[in-house]
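# Structure assessment
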Amino acid sequence: MELEEILRGLVHPTNLTVRTGEKLVGSVEAAVAKDDERFKGREEEPPRRKPRLMALPCVRPPFPVWLR
């Protein structure tokens with residue numbers, strides 16, 4: 001795929017599916033805890049992370065959402 005074709009594709013609307021929920025948040029938190037344990041054993045600093053994750057609300061907006 002050439003650069004020009006890729007850039008042309010970026011200007012067209014697209015559908016986006018987001019999967020989120022407490023189960024996903026729990027899985028991520030479990031993976032973070034496992035990584036922290038691994039770094040603790042090496043006496044290294046764990047990687048910096050964003051603040052605690054939360055599930056997105058399951059509300060559909062009354063209008064289309066356009067990402068640019």
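You'll find the structure just up there.
Quick look at the structure, then. Small disclaimer: the values here were computed from a predicted structure and weren't measured. (Residues numbered from 1 in each chain as written. Predicted model: local features only at pLDDT ≥ 70, side-chain atom pairs only at ≥ 80, totals over all residues. Heavy atoms only, no water.)

Now for the overall build of the protein. What the protein contains, in helices and strands, is two helices and zero strands. Looking at the protein as a whole, 4% of its 68 residues are labelled buried. Surface accessibility of the protein: about 7300 Å² in total, with carbon and sulfur atoms responsible for 58%. (Helix = DSSP H or I, 4+ residues; strand = E, 2+ residues; numbered from the N terminus. Buried < 20%, exposed > 50% of the residue type's maximum accessible area, 1.4 Å probe, protein only. Areas by Shrake-Rupley, 256 points an atom, 1.4 Å probe, with all protein chains shown as cover.)

Turning our attention to helix α2 (residues 22-41). With 20 residues, α2 ought to run about 28 Å at 1.5 Å a step, and its terminal C-alpha atoms sit 29 Å apart, in line with that. Positive backbone phi, at 55°, marks Glu43, one or two positions downstream of α2. (Expected span 1.5 Å × (residues − 1).)

All right, on to a nonpolar patch on the surface then. Taken together, the side chains of Met1, Leu3, Ile6, Leu7 and Leu10 make up a nonpolar region of the molecular surface, amounting to roughly 590 Å² of accessible area. Locating Met1 in the fold gives a position in the segment before α1 (3-9). (Patch = residues over 30% accessible without salt bridge, like charges linked within 9 Å, V, L, I, M, F, W, Y side chains within 5 Å. Salt bridge = Lys/Arg side-chain N within 4 Å of Asp/Glu carboxyl O.)

Throughout the structure, instances matching the rule amount to five salt bridges. Its salt-bridge partner being Arg38, residue Asp35 comes within 3.3 Å of it at the nearest N-O pair. In this pair, Asp35 and Arg38 both sit in helix α2, three residues apart, roughly one turn of the helix. Judged by its relative accessible area of 29%, Asp35 is partly exposed. A relative accessible area of 43% places Arg38 in the partly exposed class. For Asp35, the salt bridge goes to Arg49, with nearest N and O atoms at 3.9 Å. In this pair, Asp35 is assigned in helix α2 and Arg49 in the segment after α2, connecting sequence segments 14 residues apart. The partly exposed category is assigned to Arg49, whose relative accessible area is 36%. Connected through shared salt-bridge partners, Asp35, Asp36, Arg38 and Arg49 make up one network.

Nothing here speaks to function; it is all geometry.
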